[in-house]
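Letter by letter, the chains look like this.
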Amino acid sequence: MNSFDYIILIILMGAVTYLPRMLPLVALSSRRLPVWFTEWLELIPVAILSALIAPTLLASTEPRTFSLGKPELLAALPTLLFALKTRSLAGTVIVGMFCYWGLKLVALSN
Amino acid sequence: MADGFNVYYSFCRWFPVYCRCHDRQRSLHHIYCCNHLHGKFAAPVDEFCHGGSFPGCFTSFSDAGVTDESFAVNMARFNQGGWNRYSALVLNHVTNATWIVSTVAGCYVGQFIPAGSFGIDYALTGMFICLLVFQLRGTVFAITALIAAFCSVLAYLWLPGNAYVIVSSCLAATAGFAIKRAMRHRKQTT
């Protein structure tokens, strides 16, 4: 690998970062979307967020296996309750971090 | 400018991946797959920003900066109201810039923070939990979240890479949409 290869690689990484986002959206932005599609899109954010979180709480990595009782899941319960009660982003992050940290310390001491 | 950000951002984020695998085709495919997911993130934001009628130049500039975190924060803010396409644009690119600066800073100061201290590994999960709560705006949204969680875990166990997010979120949104239509139909007939 020489310097030229690295520069080509960086340019190609930029292209595959930018084009998949830009091309479909430029095509879509010039036309009015159907109502059913807009309604479907409304549900995408909640679905993506839930899909991103769930495996962190309910599955182990390498190998990927279903796992109940992870500290991540146990810490998620008070974190979720705090978020529902206060709707504070910063507060929820801090509560989540300290719950997780505490659970890890308890697990280490046992 | 957007291209510049993304080339630099891409370099900071993915260069280490490339250095590890020494396989150009594989690393480009990996980056493409991750960014295909971000393309999907950009669609709902785009609908809020432009309502399907804004010129492509703004779209191409703003949506290029979408990341997991800026997507979630933008959607929560749009739903709360008082948030426009310029706010989203600033958020997208400030987030990217912060990511770049933090990556560089992390290389120098990360060694002084013990691994796992203060539950720092949970910060992102905690943030996503709160952003998920912001998105729960009714029964259909809560049901969609539960379906997505179920499908996501199943897909995570069976599918390689990050495909589980795309598959499960599409399935859950489709199921949620069907439930919403069924509820609306039932309400109209009674």
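Use the structure listed above.
What you are looking at is a predicted structure, and each value in this text was computed from that prediction instead of being measured.

(A) Just the overall build of chain B, in detail. Check the secondary structure of chain B and you find eight helices and zero strands. In sequence order, the secondary structure elements of chain B are arranged as α-α-α-α-α-α-α-α. The buried share of chain B, taken over its 190 residues, is 47%. Considering only contacts within chain B whose residues lie at least 6 apart along the sequence, 69% involve residues at least 24 apart. Per element, the accessible surface of chain B, about 9,400 Å² overall, is 67% carbon and sulfur.

(B) Up close: the nonpolar core. Grouped together as the largest cluster of nonpolar side chains are 45 residues, with contacts concentrated most on Trp40 of chain A together with Tyr122, Phe128 and Leu131 of chain B. For this core, the secondary structure elements donating two or more residues are helix 2 (35-58), helix 3 (71-86) and helix 4 (89-109) of chain A together with helix 4 (68-80), helix 6 (123-135), helix 7 (139-158) and helix 8 (163-189) of chain B. For this core, the element with the most residues is helix 2 of chain A, which contributes 12 residues. Sequence-distant contacts of tyrosine 122 of chain B, defined by excluding residues within four places in its chain, comprise Leu57, Glu72, Ala75, Ala76, Thr79, Gly96, Met97 and Tyr100 of chain A together with Ile129 of chain B.

(C) Looking closely at the packing of helix 3 of chain A against helix 4 of chain A. All names here are of chain A. Where helix 3 meets helix 4, the axes come as close as 9 Å, and the angle between the chain directions of the two elements is 155°. Accordingly, the angle class assigned to the pair helix 3 and helix 4 is roughly antiparallel. Helix-helix and strand crossings are classified by hand; for helix 3 and helix 4 the assignment is right-handed. The segment helix 3 lies against helix 4, with Pro71, Glu72, Leu74, Ala75, Pro78, Thr79, Phe82, Ala83 and Thr86 engaging Gly91, Thr92, Val95, Gly96, Cys99, Tyr100 and Leu103. Within the contact of helix 3 with helix 4, the residues separate by chemical class into 10 nonpolar, five polar and one charged.

(D) Region of interest: unusual backbone geometry. Residue and element names in this part refer to chain A. The residue after glutamate 62, namely proline 63, is reached through a cis peptide bond having omega -5°. Phi at glutamate 62 is positive, roughly 45°, even though this residue is not glycine. Structurally, glutamate 62 can be placed in the loop between strand 1 (59-60) and strand 2 (65-66). Of note, the phi angle at arginine 87 is positive, near 55°, even though the residue is not glycine. Mapped onto the secondary structure, arginine 87 falls in the loop between helix 3 and helix 4.

Thresholds, definitions, all that
Residues numbered from 1 in each chain as written. Chains lettered and ligands numbered in written order. Predicted model: local features only at pLDDT ≥ 70, side-chain atom pairs only at ≥ 80, totals over all residues. Heavy atoms only, no water. Helix = DSSP H or I, 4+ residues; strand = E, 2+ residues; numbered from the N terminus. Buried < 20%, exposed > 50% of the residue type's maximum accessible area, 1.4 Å probe, protein only. Contact = heavy atoms within 4.5 Å. Areas by Shrake-Rupley, 256 points an atom, 1.4 Å probe, with all protein chains shown as cover. Core = buried A, V, L, I, M, F, W, Y, C linked by side-chain atoms within 4.5 Å. Axes fitted to C-alpha atoms, helices over the stretch in contact; angles between N-to-C directions. Parallel < 35°, antiparallel > 145°, perpendicular 65-115°, else oblique. Left-handed = near helix turned anticlockwise from the far one by under 90°. Nonpolar A, V, L, I, M, F, W, Y, C, P; charged D, E, K, R; others polar.

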